[in-house]
Amino acid sequence: MSPGEKIRRNPSTAFRPVADEGGLVVIPKRSEVKVLNPVGSRIYELLDGTHSREEILTILVDEFDVTREAAGADFDGFMADLREAEMLDEAGMNAEGGAR
Amino acid sequence: MSENATPGPNPYQRLVNTAFAKSLPLNCQIELTYRCNHLCSFCYNSPTGAREMSTEQVFVALRRVADFGVLYCTLTGGEALCHKDFFAIAAEVRRLGMALRVYSNGYLIGDPKVAQRIADLDPMEVEISIHGAKPETHDALTRIRGSFERTVRAIENLNELGVKVVLKCPITRLNQNELFEIKALAKRLGRRMIFDAVITPKDDGTLDPLALRADDEFLERYWGEWYETLHDGLLPPRSNHCASDSSANCGTGRAGFTLDPYGNVLPCVALRRPAGNVLEVERLADLWHQSPVLNEVRDLAVVARQKLDQHPNGQFFVFCLGVAENQTGDPLAVYPQAEINAKAVRRHYELLQIGRKSGAA
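Counting starts from 1 at the beginning of each chain's written sequence and moves along it residue by residue. Working convention: letters from A go to chains and numbers from 1 go to ligands, in the order in which they are written. Reporting of local features is limited, given that this is a predicted model, to residues whose pLDDT is at least 70; pairs of side-chain atoms are given and counted only at 80 or more, and all residues count toward the totals for whole chains, interfaces and linings.

Explain the overall build of chain A here, please?
Strands here are runs of E lasting at least two residues and helices are runs of H or I lasting at least four, both read from the DSSP assignment and numbered beginning at the N terminus. Counting its secondary structure elements, chain A contains 3 helices and 5 strands. When its helices and strands are written in sequence order, chain A yields β-β-β-β-α-β-α-α. Atoms considered for the radius of gyration are the C-alpha atoms alone. The globule rule reads 2.2 Å times the number of residues to the power 0.38. Against the 2.2 N^0.38 benchmark of 13 Å for 100 residues, chain A shows a C-alpha radius of gyration of 13 Å, consistent with a compact globule. C-alpha atoms of chain A, sized along the principal axes, occupy 35 × 30 × 20 Å. Across the 100 residues of chain A, 31% fall into the buried class. Here the C-beta atoms are placed from the backbone, and a residue counts as buried if at least 20 other C-beta atoms lie within 10 Å of its own, exposed if 12 or fewer do, and partly exposed otherwise.

Structure representation (structure tokens):
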């Protein structure tokens with residue numbers, strides 16, 4: 001992932017934040033529902049194809065009580081989890097436009 | 001940040017409970033059309049003759065449902081696949097970021113090309129109704145010759161394409177004696193089977209479907225003795241599946257809502273009190289939070305729970321306000337099937353306790 005690369009969640013997943021308590025992601029191909037905590041949910045929401053890693057980190061530091069270094073480490077680990085679960089749009093990276 | 005490995009209470013249930021407590025609907029069931037290619041005599045649909053939403057209007061409705069934040073969108077009917085633009089509508093559900101569930105009788109999916117188009121939609125689940133273990137029974141209930149073969153072929157087609165299929169069987173007087181054979185058929189097809197013992201009046205209050213209701217003696221044995229075997233060891237439910245906590249009887253007007261083919265917003269599929277029309281509001285959220293109908297229904301679900309708590313078998317009820325209202329005119333009246341159900345389930349749990357105590361001794 002290059003520094004300015006815009007990241008997009010897999011558009012075949014269905015996502016809904018639930019109040020401020022987290023979010024639910026349905027992965028139809030796997031017949032799975034993933035549960036995200038509030039930070040994970042916010043990140044997944046931001047993976048709309050219009051934000052880069054650095055832009056998301058700026059938002060996280062602003063919205064949560066976390067340093068940029070800690071946020072970066074957590075973010076990278078989370079991206080690895082999402083990639084493994086096929087929750088990222090690998091083909092669509094840097095594609096024009098966002099996803100809902 | 002994924003909570004799958006978090007110890008403690010089920011994190012999924014925790015979020016569902018939060019949504020329930022805040023009346024944030026995660027589910028929407030859309031009855032696309034009342035048209036159907038079956039003639040089931042126990043069907044509860046009651047078309048009024050009004051004009052159904054056009055495809056363009058359905059698209060508007062879907063946009064409003066998605067903007068409201070619904071996660072699970074179920075397309076049903078009638079027979080949803082009888083809508084001329086079913087596939088365009090289902091694709092729009094997915095494009096808008098919602099998980100798609102389809103309720104179908106399977107008849108049209110018996111065609112491999114149709115099954116492929118369903119698979120291409122990437123649905124979360126397809127629920128198919130099966131009414132018997134053999135053509136004579138199934139076809140007698142659907143009143144369409146050859147429907148059994150088509151439905152079984154549909155399940156096989158979807159299986160081959162890796163689509164998750166769940167089988168449902170409304171229990172009637174005609175199939176009540178072959179439930180174990182139906183279960184065996186589901187096992188052969190490699191699919192989960194859900195039996196539904198509640199046959200309801202038609203939505204307009206006509207009681208005709210009740211003539212096909214399984215008999216009371218059977219229902220007592222079903223709930224009390226057979227439920228576990230028929231549901232892979234699951235104990236019979238002691239509350240509605242859509243009730244997330246003990247404060248309300250069910251999720252009507254809270255966990256989800258239903259749109260009928262005319263665009264009316266209903267608190268759920270069973271309690272059919274129109275709260276407004278999806279085409280007449282800019283934001284569903286406004287209707288959802290301000291509708292006197294929905295607020296009354298939410299209160300009724302709480303009162304129903306409190307009332308059941310006073311009943312000797314109150315902790316064993318699967319009670320539906322919609323069935324109560326349709327059958328008796330009073331959404332809080334305990335109707336006979338619920339009484340039988342609760343009594344038999346209580347007996348089942350009491351016998352389980354006796355069994356456990358005997359085992360421990």
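Any chance you could explain the overall build of chain B here in plain terms?
Broken down by element type, chain B carries 12 helices and 8 strands. Relative to the compact-globule value of 21 Å for 361 residues, chain B shows a C-alpha radius of gyration of 20 Å, a close match. A total of 361 residues make up chain B; the buried ones form 46% of that total. For chain B, long-range pairs separated by at least 24 residues make up 69% of all intrachain contacts whose partners lie at least 6 apart in sequence. Throughout, a residue-residue contact means that the two C-beta atoms, derived from backbone geometry, are no farther apart than 7 Å.

Mind showing me how you'd approach the pairing of strand β3 (residues 99-104) of chain B here?
In summary, the side chains of a regular strand alternate between the two faces of the sheet. Residue and element names in this part refer to chain B. Judged by how many residues are buried, β3 sits mostly within the fold: 6 of 6 residues are covered. Judged by which residues are buried, β3 turns out to be covered on both faces: A99, R101 and Y103 on one side and L100, V102 and S104 on the other are all buried. At least two DSSP bridges between two strands are required for those strands to pair. The pairing of strand β2 (residues 72-76) with β3 spans 4 bridges and is classified as parallel. Within β3, the residue paired with T74 across the bridge is R101. Place the viewer so that the strands point away; then a crossover is right-handed whenever the path from the first strand over the helix to the second strand goes clockwise. For the crossover from β2 across helix α3 (residues 86-95) to β3, the handedness is right-handed. Relative to strand β4 (residues 125-129), β3 is paired through 4 bridges, and the arrangement is parallel. Its bridge partner being in β4, R101 is matched across the sheet by E125. Assessed by its sense of winding, the connection that carries the chain from β3 through helix α4 (residues 112-120) to β4 is right-handed.

In this structure, what is going on with the nonpolar core? I would like to understand it.
Soluble globular proteins tend to pack their nonpolar side chains together in the buried interior. The term nonpolar core means buried Ala, Val, Leu, Ile, Met, Phe, Trp, Tyr and Cys residues held together as one set by C-beta atoms within 7 Å. Counting residues in each nonpolar core, the largest one holds 110 residues, and the members touching the most others are C73(B), M98(B), A99(B) and L158(B). It is helix α10 (residues 292-309) of chain B that provides the largest number of residues to this core, a total of 6 residues. Setting aside residues up to four positions removed in sequence, A99(B) forms contacts with A14(A), V26(A), P28(A), L71(B), Y72(B), C73(B) and M124(B). Grouped together as the second largest cluster of nonpolar side chains are 6 residues, C40(B), C43(B), L141(B) and I199(B) included.

Just checking my understanding: could you explain the confidence of the model for chain B for this structure?
The predicted structure's coordinates, where accompanied by low pLDDT, should not be read in detail. Confidence scores here are pLDDT values: one per residue, from the predictor, ranging 0 to 100. Of all residues in chain B, 95% have pLDDT values of 70 or greater, and the mean over the chain is 92. Among the prediction metrics, the complex's ipTM stands at 0.86, with pTM recorded as 0.92.

How do you make sense of the sheet that holds strand β8 (residues 265-266) of chain B when you look at a structure like this?
Each strand in a sheet pairs with another by means of backbone hydrogen bonds, the pair being arranged parallel or else antiparallel. Taken in spatial order, the 8 strands line up as β6-β5-β4-β3-β2-β1-β7-β8 (chain B) in an open sheet, and their pairing is mixed. Each edge of the sheet is formed by a strand with only one pairing partner; in this case those strands are β6 (192-196) and β8 of chain B.

What's the story with the interface of chain B and chain A in this structure? I'm lost.
Contact with chain B, which involves 22 residues of that partner, is made by 25 residues of chain A. A per-element tally of the side of chain B that touches chain A places helix α1 (residues 11-21) of chain B first, with 5 residues. Its residues assigned to classes, the side of chain B that touches chain A comprises 13 nonpolar, 5 polar and 4 charged. The classification used treats Ala, Val, Leu, Ile, Met, Phe, Trp, Tyr, Cys and Pro as nonpolar, Asp, Glu, Lys and Arg as charged, and all other residues, Gly among them, as polar.

Which parts of the structure should I look at to understand the pairing of β6(B)?
Residues and elements named next belong to chain B. As paired strands, strand β5 (residues 165-170) and β6 are joined by 5 bridges and run parallel to one another. Bridge assignment links P170 to a residue of β6, and that residue is D196. Handedness of the crossover joining β5 and β6 through helix α7 (residues 179-188): right-handed.

Can you walk me through unusual backbone geometry in this structure?
For the bond running from G77(B) to G78(B), omega is 20 degrees, close enough to zero to count as cis. Note on placement: G78(B) falls in the loop between β2 and α3. One non-glycine residue, A19(A), adopts positive backbone phi at about 45 degrees. Following the sequence through the fold, A19(A) ends up in the loop between β2 (14-18) and β3 (22-27). Within the chain, R143(B) stands out as a residue other than glycine whose phi angle is a positive 60 degrees. In this fold, R143(B) is placed in the loop between α5 (135-142) and α6 (147-160).

What is the right way to look at the sheet that holds β2(A) in this model?
Residues and elements named next belong to chain A. The 3 strands are arranged β2-β3-β4 in an open sheet whose pairing can be described as antiparallel. Of all the strands in the sheet, the pair left with one neighbour each is β2 and β4 (32-36). Across the sheet, the mean angle from the axis of one strand to that of its neighbour is 15 degrees, orientation sign disregarded. Relative to β4, β3 is paired through 5 bridges, and the arrangement is antiparallel. Counted as the bridge partner of G23 is L36 from β4. Where helix α1 (residues 38-46) meets the sheet, it contacts β2, β3 and β4, and its direction lies at approximately 60 degrees from that of β3. Interaxial angle, 0 to 180 degrees, is taken between N-to-C directions of lines fitted to C-alpha atoms, where a helix line uses only the stretch in contact.

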